[in-house]
Amino acid sequence: MNYKKIIFVFIALSIISFFIFIVTSNKNNSESNSCLSLTFDDGYKNHYETVVPLLKKYNFTATFFIPTNHYKFGSDWLLNKSDIEELIFLGHEIGSHSISHPYLTNISYDELYKEVVISKKTLDEDFNISVKSFAFPYSDYNKDVLNFVNKN
Ligand SMILES: [Zn+2]
């Protein structure tokens, strides 16, 4: 399976999960205090083209975790700065997902500092926001990385 097919499958699964949530939430009106967080990682263009219209249709917002290098040095299949500005305008949250999407348990303290602290600062400055969320690339973390992210 090539990279584009993997992305397509990921998007398709995201959309299916989204509709399962819609159906479930309509059947369980008695559980109106339920909470669900919708998050999308890595800043793929498909998120903007496919997911955002659905979120808009159902008046939902989500959190988009974006590595800063993805929009800084983008490509046709990644969100650009203008796309991200539109997400913010529509009320979605932008979270940090590092600078270069490394395995955080395999890098030095100086690199960890850059990936966690500088990525947040970059997003804050580039989009005039205050980033409050961080998603670990590859869900890779240990106790030291978790403590560092919590402190910063
Ligand atoms: Zn990721």
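What you see is a predicted model; the values in this text were computed from it and never measured. (Residues numbered from 1 in each chain as written. Predicted model: local features only at pLDDT ≥ 70, side-chain atom pairs only at ≥ 80, totals over all residues.)

**Considering the overall build of the protein**
Formally: Each helix corresponds to a stretch of at least 4 residues labelled H or I by DSSP, and each strand to a stretch of at least 2 residues labelled E; elements are numbered beginning at the N terminus. The exposure scheme places C-beta atoms from the backbone and then counts, for each residue, the other C-beta atoms within 10 Å of its own, assigning buried at 20 or more, exposed at 12 or fewer, and partly exposed in between. By the criterion used throughout, residues are in contact when their C-beta atoms, derived from the backbone, lie within 7 Å.
When you go through the protein residue by residue, the secondary structure sums to 6 helices and 3 strands. Walking the protein from its N terminus toward its C terminus, one meets helices and strands in the order α-β-α-β-α-α-β-α-α. The 152 residues of the protein split such that 24% are buried. Put simply, of all contacts in the protein between residues at least 6 apart along the chain, 71% involve residues at least 24 apart.

**Examining the pairing of strand S2 (residues 63-66)**
Put simply, the rule is: Strand pairing is defined by DSSP finding a minimum of two bridges between the two strands. By convention a crossover is right-handed if, when the strands point away from the viewer, the path from the first strand over the helix to the second runs clockwise.
Inspection of the sheet shows strand S1 (residues 39-41) paired to S2 by 3 bridges, in the parallel sense. Across the sheet, residue Asp 41 finds its bridge partner in S2, namely Phe 65. In this fold, S1 hands off to helix H2 (residues 45-57), which returns the chain to S2; that crossover is right-handed. The sheet contact formed by S2 and strand S3 (residues 93-96) spans 4 bridges and is parallel. Residue Ile 66 lies in a different strand from S3, and its bridge partner there is Ser 96.

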